[in-house]
Amino acid sequence: LTLLREAAKDGDWLCLKNLHLVVSWVPQLEKELSALEPHPDFRLWLTTEQHAAFPPIMLQQSLKVTFEAPPGMQKNLSRSFESSLSAEIVESGSPQRAQLLLVIAWFHAVLQERRSFLPQGWTKFYEFSPSDLRTAIDICDSAGGVAKGQPDWAAIHGLLSLA
């Protein structure tokens, strides 16, 4: 809150990230914002994922910008490779590892694309964000044998089925 007060006073920009992780603190932020007399150049950026307990008043008083996955499998797959799978990551292992990374990226793209068809085939929403993609890659890299070119498919299946 001290940073908020200083930024408001000096006309700086401030970004508070991942407010969905501290929903219980947001009403305190709300009170602080209503008490501020900010500099005309002050800007406050808040990032959050959807959360049922997020105060609706904060949403109503804000200018909202959303980031959605691009439509289409090809664009989703390209986005996965651009954001999480750089050439160095893909080329830094065996051909089997590169194939496994492609399968994970493809699965990520399928889940991103299927969000728009939720009522037509899936019984619930499956979130698989870029951080989940990165975690799946890390899990597969740490699974026995992936670095040596002989993935332990039973271990990988077991790890990802429990994720």
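Structural data are supplied above this passage.
Procedures and definitions
Residues numbered from 1 in each chain as written. Predicted model: local features only at pLDDT ≥ 70, side-chain atom pairs only at ≥ 80, totals over all residues. Heavy atoms only, no water. Helix = DSSP H or I, 4+ residues; strand = E, 2+ residues; numbered from the N terminus. Buried < 20%, exposed > 50% of the residue type's maximum accessible area, 1.4 Å probe, protein only. Contact = heavy atoms within 4.5 Å. Areas by Shrake-Rupley, 256 points an atom, 1.4 Å probe, with all protein chains shown as cover. Salt bridge = Lys/Arg side-chain N within 4 Å of Asp/Glu carboxyl O. Pairing = 2+ DSSP bridges. Right-handed = clockwise from strand over helix to strand, strands pointing away. Patch = residues over 30% accessible without salt bridge, like charges linked within 9 Å, V, L, I, M, F, W, Y side chains within 5 Å. Core = buried A, V, L, I, M, F, W, Y, C linked by side-chain atoms within 4.5 Å.

Describing the overall build of the chain
Counting its secondary structure elements, the chain contains eight helices and two strands. Reading the chain from its N terminus to its C terminus gives the helix and strand order α-β-α-β-α-α-α-α-α-α. Classification of the 163 residues of the chain by burial places 30% in the buried group. Considering only contacts within the chain whose residues lie at least 6 apart along the sequence, 65% involve residues at least 24 apart. When the accessible surface of the chain is totalled, it reaches about 11,200 Å², and 58% of it is carbon and sulfur.

Some points on the side chain of His108
Following the sequence through the fold, His108 ends up in helix α6 (residues 95–114). Classification of His108 as buried rests on a relative accessible area of 4%. The residues touching His108, leaving out its near neighbours within four places in the chain, are Ser80, Phe128, Ser129, Pro130 and Leu133.

Quick look at the pattern of salt bridges
What the rule picks out here adds up to two salt bridges. Among the ionic pairs, Asp138 bridges to Arg134, the shortest N-O distance being 2.8 Å. Linking Asp138 with Arg134, this pair stays in helix α7 (residues 130–142), spanning four residues, or about one helical turn.

Notes on the pairing of strand β2 (residues 43–46)
Where strand β1 (residues 13–16) lies against β2, four bridges are found, and the strand directions are parallel. Paired with Cys15 across the bridge in β2 is Trp45. As a crossover connection, the stretch from β1 through helix α2 (residues 26–35) into β2 is right-handed.

Quick look at a nonpolar patch on the surface
Judged by side-chain polarity, Met73, Trp106 and Phe107 come together as a nonpolar surface patch covering roughly 300 Å² of accessible area. Mapping Trp106 onto the fold places it in helix α6. On the basis of relative accessible area, Trp106 is assigned to the partly exposed category, the value being 46%.

Some words on the environment of Ala7
As for its placement among the helices and strands, Ala7 is situated in helix α1 (residues 2–10). The spacing of Ala7 and Asp41 is 34 residues in sequence and 9.5 Å in space, taken between C-alpha atoms. Excluding its chain neighbours within four sequence positions, the residues that come into contact with Ala7 are Asp12, Leu14 and Phe42.

Remarks on the nonpolar core
Counting residues in each nonpolar core, the largest one holds 14 residues, and the members touching the most others are Leu85, Ile104 and Ile137. Elements with a contribution of two residues or more to this core: α6 and α7. Ignoring anything within four residues of it in the chain, the contact list for Ile104 reads Phe128, Leu133, Ala136, Ile137 and Cys140. Residues Leu4, Leu16, Leu29 and Met58 belong to the second largest nonpolar core, which totals 12 residues.

On their own, these measurements won't tell you what the molecule is for.
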